[in-house]
Amino acid sequence: MRKLSWLFFFLIFSRTCFISAQKSAIYTHNSKDFDSALSLYDDAQYASAQIIFEKVKSASTNEELISDCAYYVANCAIRTNQAGADALMEHFVANYPTSIKQNQAYIEVAQYHFALGNYPQALQWFDKVDESNLSYNDQDKFNFEKGYSFFSSKNKRKRRPI
């Protein structure tokens, strides 16, 4: 009887050790690098995030992940004022026309140029935005920034009264 209880204890102990030695899903899922790059992007560390996004994009076979990486690479390039950043964003929109981030890409680039005071360049991007997909709060911000860009760029003919 005593041997049976020790054998039972040994089997339970060995199973417990085996189970606890497994890696959790956070270390084994495919988009771990993408998540770390996204974390860097959220912390405004755009240059580091861009490098990781490019690495994930070249290593991935998932079309949605590749599309998201292309979006973030272009967005990081714009936020770090790299030469050809606008072309990267245009390249993203041309290569991934079904991406749900397409309209958001236009808005973010326009708002970025607006924040820098590049109002004529912001207008070029504001004109590409599909306004029907904006929420009510986003429409208010969009209309204000686009109107202010018209005013600041001395393009008073296209301003709309509120």
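Residues numbered from 1 in each chain as written. Predicted model: local features only at pLDDT ≥ 70, side-chain atom pairs only at ≥ 80, totals over all residues. Heavy atoms only, no water.

> Is there a simple way to think about the environment of N75 in this case?
When you line up the elements, N75 lands in helix α5 (residues 63-79). Judged by its relative accessible area of 1%, N75 is buried. Once the C-alpha coordinates of N75 and E108 are considered, the two residues, 33 residues apart in sequence, prove to be 8.0 Å apart. With residues near it in sequence (within four places) discarded, N75 still touches Y41, M89 and E108. (Helix = DSSP H or I, 4+ residues; strand = E, 2+ residues; numbered from the N terminus. Buried < 20%, exposed > 50% of the residue type's maximum accessible area, 1.4 Å probe, protein only. Contact = heavy atoms within 4.5 Å.)

> Looking at this model, I keep getting lost on the nonpolar core. Mind explaining?
Nonpolar side chains in soluble globular proteins tend to be buried together. Formed by 38 residues in total, the largest nonpolar core has its most connected members in F34, F53, M89 and F92. Mapped onto this core, the elements with two or more residues apiece are α3 (32-42), α4 (46-59), α5, α6 (85-95), α7 (102-116) and α8 (119-126). Broken down by element, the residue count for this core peaks at eleven residues, all from α5. With near-sequence residues (within four places) excluded, F92 lies in contact with S67, A70, Y71, S99, K101, Q102 and A105. (Core = buried A, V, L, I, M, F, W, Y, C linked by side-chain atoms within 4.5 Å.)

> Explain the pattern of salt bridges to me, please; I cannot follow it from the model alone.
Side chains that carry opposite charge are capable of pairing whenever their charged atoms lie near each other. Within the structure shown, the criterion is met by five salt bridges. Taking the shortest distance from any N to any O, the salt bridge between R79 and E108 comes out at 3.3 Å. Of this pair, R79 sits in helix α5 while E108 sits in helix α7, and the two are 29 residues apart along the sequence. Residues K128 and E90 are paired through a salt bridge, measuring 2.2 Å at the closest nitrogen-oxygen approach. (Salt bridge = Lys/Arg side-chain N within 4 Å of Asp/Glu carboxyl O.)

> Which parts of the structure should I look at to understand the side chain of S149?
Relative to the helices and strands, S149 is located in helix α9 (residues 136-152). Setting aside its immediate chain neighbours within four residues, S149 contacts F114, Y119, A122, L123 and F126.

> Is there a simple way to think about α3 in this case?
Among the residues making up α3, those that are buried are F34, A37, L40 and Y41. Projected onto a plane normal to the axis of α3, the buried residues spread over an arc of 120° and lie on a single side. (Arc of directions from axis to C-beta.)

> For this particular structure, what's the right way to read the environment of C76?
Among the secondary structure elements, C76 is positioned in helix α5. As for C76 and F53, which are separated by 23 residues in sequence, their C-alpha atoms are 9.5 Å apart. Setting aside residues no more than four positions away along its own chain, C76 makes contact with Y41, Y46, A49, Q50 and F53.

> What is the right way to read unusual backbone geometry from this model?
A negative phi angle characterises most non-glycine residues, just as the trans form characterises most peptide bonds. At A44, a position not held by glycine, the phi torsion is positive, near 65°. You can see A44 is positioned in the loop between α3 and α4.

> Teacher, can you tell me more about the packing of α4 against α5 here?
Any two packed helices are characterised by how steeply their axes cross, that is the angle between the axes, and by the distance between the axes. With their axes 9 Å apart at the nearest point, α4 and α5 run at an angle of 155° to one another. Compared by their axis directions, α4 and α5 come out roughly antiparallel. Of the two possible hands of crossing, α4 and α5 adopt the one that is left-handed. Mapping the contact onto sequence places Y46, A49, Q50, F53, E54, V56 and K57 in α4 and L65, I66, C69, A70, Y72, V73, C76, A77 and R79 in α5. Residues that form the contact of α4 with α5 fall into these classes: twelve nonpolar, one polar and three charged. (Axes fitted to C-alpha atoms, helices over the stretch in contact; angles between N-to-C directions. Parallel < 35°, antiparallel > 145°, perpendicular 65-115°, else oblique. Left-handed = near helix turned anticlockwise from the far one by under 90°. Nonpolar A, V, L, I, M, F, W, Y, C, P; charged D, E, K, R; others polar.)

> Mind showing me how you'd approach a nonpolar patch on the surface here?
Together, F144, Y148 and F151 line one region of the surface with nonpolar side chains, adding up to about 320 Å² of accessible area. As for its placement among the helices and strands, F151 is situated in helix α9. (Patch = residues over 30% accessible without salt bridge, like charges linked within 9 Å, V, L, I, M, F, W, Y side chains within 5 Å. Areas by Shrake-Rupley, 256 points an atom, 1.4 Å probe, with all protein chains shown as cover.)

> So what exactly am I meant to see when it comes to the confidence of the model for the protein here?
Regions with low pLDDT should not have their predicted coordinates read in detail. Of the residues in the protein, 77% reach a pLDDT of 70 or more, and the chain-wide mean stands at 81. Considering each helix and strand of the protein separately, the mean pLDDT is smallest for helix α2 (residues 25-28), with a value of 47, and largest for α4, with 93. (pLDDT = per-residue confidence, 0-100.)

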